[in-house]
Amino acid sequence: MKNTTPLLKVDSVSIQFGGLKAVSGVNMELHEGELAGLIGPNGAGKTTFFNLLTGVYVPTEGSISLEGKVLKNLAPYKITKKGISRTFQNIRLFGELSVIDNVKVAYHSLSKHSIAESIFRLPRHFTGEKEMEEKALEFLKIFKLDGYRDEKAKNLPYGQQRRLEIARALAARPKLLLLDEPAAGMNPQETRDLMELIRFIRTEFNLTVLLIEHDMPLVMGVCERIYVLDHGQMIASGSPEEVRNNPKVIEAYLGEEVS
Ligand SMILES: Nc1ncnc2c1ncn2[C@@H]1O[C@H](COP(=O)(O)OP(=O)(O)OP(=O)(O)O)[C@@H](O)[C@H]1O
């Protein structure tokens, strides 16, 4: 029988900053394998919503569950371990570290060998390191970054830094991958390649993906379901077609392109 418990369930979640309700009574259900988009005008609350899902902020109301279990007061790294990882609107790589080390950082948080084994460089540490190196390289290959493995991350062109951030997020073996404007700053060809890649990794890694994106052709082209935030409220959700023709959405975007 098909599992009907949603992978992610967001139940009436709100957060208030002083007098501003940045996210207000938001509901969302994402099922395993779904590829969904979160759109909305500037300042609608999209990044704040990601910050709530990843434990950066604690909701003032409501609850968030992953696989039926409420994620309550968990630090962001613990939420990553439970299976939610993300990329950031402003790329957050370790610029001075090599490309491959940026991916290995994600493995360290999951690695099975103890801190003592690492400090004293016991045999298990070396097996662990070798395994990590091999796995990290596999991810770099998928993202066509293996040719840059020893380059400092800060020296990569912008589009490749974005891809590296996704590779790093994926290396943490998430069930749910959150991408915050993955195509920002990419040229049209890079954006098209990225769409393909997102579809590919969703299938290959059995992922559920939620992405924030201002590039409407990207969102409409790649996502099966779209959620629309406006002034902190979820004003619509549905297929790209439904959302595109929804009068509330058209009104929220008045003056902006939604096609
Ligand atoms: N830590 C904070 N303290 C106070 N206000 C905040 C904080 N974080 C976000 N806000 C406010 O919450 C609202 C939503 O911001 P948010 O960055 O989530 O919007 P967004 O939809 O991601 O916008 P954009 O598309 O421009 O990135 C904005 O008015 C913002 O100024």
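Residues numbered from 1 in each chain as written. Predicted model: local features only at pLDDT ≥ 70, side-chain atom pairs only at ≥ 80, totals over all residues.

*Asks:* Looking at this model, I keep getting lost on the overall build of the protein chain. Mind explaining?
*Replies:* Counting secondary structure elements, the protein chain contains ten helices and ten strands. A total of 259 residues make up the protein chain; the buried ones form 37% of that total. Of the contacts formed within the protein chain by residues at least 6 apart in sequence, a portion of 66% connects residues at least 24 apart. (Helix = DSSP H or I, 4+ residues; strand = E, 2+ residues; numbered from the N terminus. Buried ≥ 20, exposed ≤ 12 C-beta atoms within 10 Å, placed from the backbone. Contact = placed C-beta atoms within 7 Å.)

*Asks:* Just to check I follow, could you spell out the pairing of strand E2 (residues 20-30) for this structure?
*Replies:* It is a general feature of regular strands that their side chains alternate between the two faces of the sheet. Judged from the seven bridges that link them, strand E1 (residues 8-17) and E2 form a sheet pairing that is antiparallel. Across the sheet, the residue bridging to Leu8 is Leu30, located in E2. (Pairing = 2+ DSSP bridges.)

*Asks:* What's the story with the site of the ligand in this structure? I'm lost.
*Replies:* Close to the ligand lie Phe17, Leu20, Ala22, Gly40, Asn42, Gly43, Ala44, Gly45, Lys46, Thr47, Thr48 and Gln89. At the level of secondary structure, the elements contributing two or more residues to the shell around the ligand comprise E2 and helix H1 (46-53). Among the elements that line the shell around the ligand, the one with the most residues is H1, at three residues. Among the residues making up the shell around the ligand, the classes are represented as four nonpolar, seven polar and one charged. (Near = placed C-beta within 6 Å. Nonpolar A, V, L, I, M, F, W, Y, C, P; charged D, E, K, R; others polar.)

*Asks:* Hey, could you run me through the pairing of strand E10 (residues 233-238) in this one?
*Replies:* When strand E9 (residues 225-230) meets E10, the two strands line up antiparallel, connected through five bridges. Directly across from Val228, in E10, lies its bridge partner Ala236.

*Asks:* Just to check I follow, could you spell out the confidence of the model for the protein chain for this structure?
*Replies:* In low-pLDDT segments, the atomic positions of the prediction should not be examined closely. Here the protein chain averages 89 in pLDDT, while 88% of its residues score no lower than 70. Both scores are given for the predicted complex: the pTM is 0.89, the ipTM 0.95. (pLDDT = per-residue confidence, 0-100.)

*Asks:* Quick question: what am I supposed to make of the sheet that holds strand E4 (residues 61-66) here?
*Replies:* Adjacent strands of a sheet form backbone hydrogen bonds with each other and so pair up, either parallel or antiparallel. Read from one edge to the other, the open sheet built from four strands follows the order E2-E1-E4-E5, with strand pairing classed as antiparallel. In the strand order of this sheet, the two ends are held by E2 and strand E5 (69-70), each with one partner. Across the face of the sheet, H1 comes into contact with E1, E2 and E4 while running at roughly 65° to E2. (Axes fitted to C-alpha atoms, helices over the stretch in contact; angles between N-to-C directions.)

*Asks:* Please clarify how the domain arrangement of the protein chain should be interpreted in this entry.
*Replies:* One widely used convention gives an interface's size as the accessible area the parts lose upon coming together. Domain boundaries assigned for the protein chain yield domain 1 (1-83 + 174-259) and domain 2 (94-173). Each partner contributes to the interface: domain 1 provides twelve residues, whereas domain 2 provides nine residues. Of all the secondary-structure elements, those providing two or more residues to the side of domain 1 that touches domain 2 are helix H2 (76-82), strand E7 (176-180) and helix H7 (188-204). In terms of residues, the side of domain 1 that touches domain 2 owes the most to one element, H2, which gives three residues. Tallied by class, the residues present in the side of domain 1 that touches domain 2 amount to eight nonpolar, two polar and two charged. (Domains from an automatic or database assignment.)

*Asks:* What is the right way to read the sheet that holds strand E3 (residues 35-39) from this model?
*Replies:* In space, the six strands of this open sheet follow the order E6-E7-E8-E3-E9-E10, with mixed pairing throughout. Only two strands of the sheet have a single neighbouring strand rather than two, namely strand E6 (84-86) and E10. Averaged over all pairs of adjacent strands, the angle between strand axes in this sheet comes to 20°, irrespective of strand direction. Direction of pairing for E7 relative to strand E8 (residues 208-212): parallel, over a ladder of five bridges. Among the inter-strand pairings, Asp180 is bridged to a residue of E8, identified as Ile212. Along the sheet, H1 contacts E3, E6, E7, E8 and E9; its crossing angle with E7, the most-contacted strand, is approximately 150°.

*Asks:* Could you clarify how one ought to interpret H1 in this entry?
*Replies:* Helical geometry: 3.6 residues make up each α-helical turn, so side chains three or four residues apart lie on a common side. The element H1 is extensively covered by neighbouring structure, given that six of its eight residues are classed as buried. Following H1 by one or two positions, Gly55 adopts a phi angle in the positive range, close to 80°.

*Asks:* Please explain the nonpolar core as it appears in this structure.
*Replies:* Across soluble globular proteins, nonpolar side chains have a tendency to be buried as a group. Grouped together as the largest cluster of nonpolar side chains are 68 residues, with contacts concentrated most on Leu140, Ala167, Ala171 and Val228. Broken down by element, the residue count for this core peaks at six residues, all from helix H6 (residues 158-171). The contact partners of Ala167, leaving out residues within four places of it in the chain, are Val103, Phe139, Leu140, Phe143 and Leu145. (Core = buried A, V, L, I, M, F, W, Y, C linked by C-beta atoms within 7 Å.)

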